[in-house]
Amino acid sequence: MFVLVNLKTYPCDPVAVAEAAADVAADTEARIAVAPEAADLRAVTDALAGSDAEPFAQHVDPVPPGSSTGHALAETLADAGAVGTLCNHSERRLRLDRIDGAVDAADRTGLETVVCGNTPTQVAAAAALGPDAVAVEPPELIGTGTPVSAADPDIVEDAVAAVAAVDPDVDVFCGAGISTGDDVVAARELGAEGVLLASGVAKADDPRAALTDLVEPL
Ligand SMILES: O=C[C@H](O)COP(=O)(O)O
């Protein structure tokens, strides 16, 4: 399972979370990644150096180097250490043509891509654009602590089936409200190959304990 921790803009210490992720990754078969704000990416990369945990970006724009003010350039993200990036997160939506271009930009620099969508139909459409993975997240459950795997298991199973029909090589993750190891196991049993989560770690009093709990049953 892939446990992808998006720190969003939560007021947590991204380096402390990364150090915890590095420690936890040493004792699990699960793949762990941390996606900080772009300005914190290099510090997180440094904190993860030599560990099995990986730095991810939260967003990439479909722009080339040059006259693109205020954008997240794939080359800069890769130079800062990112090995992959989210795209089209519910809190950072893109038009379809921009998602297509963002996946191309990530491919240009070797960044792995996880394209988000609200519904099975949306992630199936995203799968047609050739990302490495898609993540289905019902927005109404994001940040609630109510896991999608329990509140709306059909959305996960339907996303897995819909994406397999488009491109079986695209992995399917699920997110929203995932915060415990039981939630991750439930997601795996529904067919997901990873989870995308944020508040369960970023808002935890002890991020290390939260990460440990997430991967302990895997
Ligand atoms: O990127 C993460 C998702 O939006 C889920 O957020 P959450 O774990 O706080 O519900």
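How each quantity is defined
- Residues numbered from 1 in each chain as written.
- Predicted model: local features only at pLDDT ≥ 70, side-chain atom pairs only at ≥ 80, totals over all residues.
- Heavy atoms only, no water.
- Helix = DSSP H or I, 4+ residues; strand = E, 2+ residues; numbered from the N terminus.
- Polar contact = N/O pair within 3.5 Å; in protein donor to acceptor, adjacent residues only side chain to side chain.
- Contact = heavy atoms within 4.5 Å.
- Pairing = 2+ DSSP bridges.
- Axes fitted to C-alpha atoms, helices over the stretch in contact; angles between N-to-C directions.
- UniProt positions renumbered as here; feature names shortened; annotations may be inferred.
- Buried < 20%, exposed > 50% of the residue type's maximum accessible area, 1.4 Å probe, protein only.
- Phe/Tyr/Trp six-rings, centres within 6.5 Å; stacked < 30°, edge-to-face > 60°.
- Right-handed = clockwise from strand over helix to strand, strands pointing away.

Novice: Can you help me understand the side chain of Thr85 in this one?
Specialist: Of note, Thr85 is situated in strand β4 (residues 84–87). Side-chain polar atoms of Thr85 contact the backbone oxygen of Ala57, separated by 3.5 Å. Here Thr85 is in contact with Phe56, Ala57, Gln58, His59, Val60, Ala106, Leu111, Glu112, Thr113 and Val114, once residues within four sequence places are set aside.

Novice: Can you help me understand the environment of Ser68 in this one?
Specialist: Position of Ser68 among the secondary structure elements: in the loop between β3 (54–57) and α3 (74–79). Among the polar contacts made by the side chain of Ser68, one reaches the main-chain carbonyl oxygen of Pro64 at a distance of 3.3 Å.

Novice: I tried to follow the sheet that holds strand β6 (residues 133–136) on my own but got confused; where do I start?
Specialist: Strand pairing in a sheet relies on backbone hydrogen bonds, with the paired strands running either antiparallel or parallel. Overall, parallel pairing links the eight strands, which are arranged β1-β2-β3-β4-β5-β6-β7-β8 in a closed barrel. The average undirected angle you get between the axes of adjacent strands in this sheet is 25°. Relative to strand β7 (residues 171–175), β6 runs parallel, the two sharing four bridges. Within the sheet, the bridge partner assigned to Val134 lies in β7 and is Val172. Running over the sheet, helix α4 (residues 96–109) touches β4 and β5 (112–117) and is turned about 160° from β5. Of the strands in this sheet, β5 and β6 touch helix α5 (residues 120–127), which is tilted by about 165° from β6.

Novice: I'm lost on the UniProt feature "binding site: substrate" (unreviewed entry) in the protein chain in this one. Help?
Specialist: The UniProt record annotates "binding site: substrate" (unreviewed entry) at Asn6, Leu7, Lys8, Ile142, Gly177, Ala198 and Ser199. Across 194 residues in sequence, these annotated residues keep their C-alpha atoms within 14.2 Å of one another, forming a single compact spot. In this fold, Lys8 is placed in the loop between β1 (2–6) and α1 (14–25). With a relative accessible area of 12%, Lys8 lands in the buried category. Not counting the four nearest positions on each side in its chain, Lys8 is found in contact with Ala35, Glu37, Gln58, His89, Glu91, Ile142 and Ala198. Here Gly177 lies in the loop between β7 and α8 (181–189). The class for Gly177 is buried, based on a relative accessible area of 12%. Filtering out sequence-adjacent residues up to four positions away, Gly177 remains in contact with Leu141, Gly145, Thr146, Pro147 and Asp183.

Novice: Explain the packing of aromatic side chains here, please?
Specialist: Here a ring pair, both rings aromatic, is described through the centre-centre distance and the interplanar angle of the planes. If you walk through the whole model with that rule in mind, you get two aromatic pairs. Residues Phe2 and Phe56 carry aromatic rings whose centres are separated by 5.7 Å and whose planes lie at 65° to one another, so their mutual orientation is edge-to-face. One end of the pair, Phe2, is in strand β1; the other, Phe56, is in strand β3, with 54 residues separating them in the sequence. The same class applies to Phe2 as to Phe56, namely buried. Judged by centre distance (5.4 Å) and plane angle (85°), the ring pair of Phe2 and Phe173 falls under edge-to-face. On the criterion of sequence distance, the pair formed by Phe2 in strand β1 and Phe173 in strand β7 is long-range, its members being 171 residues apart. Each of the two residues, Phe2 as well as Phe173, counts as buried.

Novice: What exactly am I supposed to notice about the pairing of β5 here?
Specialist: Regular strands have side chains that alternate between both faces of the sheet. With respect to burial, β5 is a largely interior element, five of its six residues being buried. In the sheet, β4 pairs with β5 via four bridges, with the strands oriented parallel. Across the sheet, residue Cys87 finds its bridge partner in β5, namely Val115. In this sheet, β6 lies alongside β5 in parallel orientation, the contact comprising four bridges. Along β6, the bridge assignment pairs Val115 with Val134. Considered for its hand, the β-α-β crossover made up of β5, α5 and β6 is right-handed.

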